[in-house]
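Examining the three-dimensional arrangement
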Amino acid sequence: MEQRIAIVHENTINIILEQQQKILQLLQGKNRITEQSVFCNVREAAQILCVSEQKIRQMIDNDELKYKKLGKSIRIYRSSLV
């Protein structure tokens with residue numbers, strides 16, 4: 001039986017290892033989008049837009065911002081602040 005030896009460049013090995021790490025992270029759920037990265041509260045939204053919290057609440061009432069109500073809490077989609 002004839003044996004063959006493959007010579008693989010170090011960069012190729014590193015790329016394969018990085019891809020395996022990404023696959024493992026996906027399988028373990030570490031790349032899920034967290035609620036904090038999707039939503040912010042009224043105070044954070046006011047700071048981002050450099051306006052008052054009252055102005056943010058007015059914008060919500062006027063349907064100018066996309067939001068979600070969780071009990072008494074209001075969570076504003078960060079994407080609607082752009």
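For the structure, check the block above.
Below is a short write-up of the structure. All of these numbers come straight from a predicted model, not from anything done at the bench.

The subject of this paragraph is the pairing of strand 3 (residues 73-77). Burial of strand 3 is one-sided: the residues Ile-74 and Ile-76 facing one way are buried, the residues Ser-73, Arg-75 and Tyr-77 facing the other way are not. By the bridge criterion, 2 bridges tie strand 1 (residues 39-40) to strand 3 in an arrangement that is antiparallel. The residue bridging Phe-39 from the neighbouring strand is Tyr-77, located in strand 3. With 4 bridges connecting them, strand 2 (residues 67-70) and strand 3 associate as antiparallel partners. If you follow Tyr-67 over to strand 3, its bridge partner there is Ile-76.

With that out of the way, let us pick up the environment of Val-82. Summarising the element assignment, Val-82 is placed in the segment after strand 3. A C-alpha to C-alpha distance of 9.3 Å links Val-82 and Ile-48, two positions 34 residues apart in sequence.

Pairing in this open sheet of 3 strands is antiparallel, and the strands run 1-3-2 from one edge to the other. Only two strands of the sheet have a single partner each, and these edge strands are strand 1 and strand 2.

This part takes up the packing of aromatic side chains. Inspection of the entire model under this criterion finds 1 aromatic pair. Centroid distance Phe-39 to Tyr-77: 4.6 Å. Interplanar angle 50°. Geometry classified as tilted. Placement of Phe-39 in strand 1 and of Tyr-77 in strand 3 is noted, with a sequence separation of 38 residues between them. According to the relative accessible area criterion, Phe-39 is buried, its value standing at 11%. Directly above the aromatic system of Tyr-77 lies the positively charged group of Lys-66, at a separation of 4.7 Å from the ring centroid.

Thresholds, definitions, all that
- Residues numbered from 1 in each chain as written.
- Predicted model: local features only at pLDDT ≥ 70, side-chain atom pairs only at ≥ 80, totals over all residues.
- Heavy atoms only, no water.
- Buried < 20%, exposed > 50% of the residue type's maximum accessible area, 1.4 Å probe, protein only.
- Helix = DSSP H or I, 4+ residues; strand = E, 2+ residues; numbered from the N terminus.
- Pairing = 2+ DSSP bridges.
- Phe/Tyr/Trp six-rings, centres within 6.5 Å; stacked < 30°, edge-to-face > 60°.
- Lys NZ or Arg CZ within 6 Å of the ring centre and 35° of its normal.

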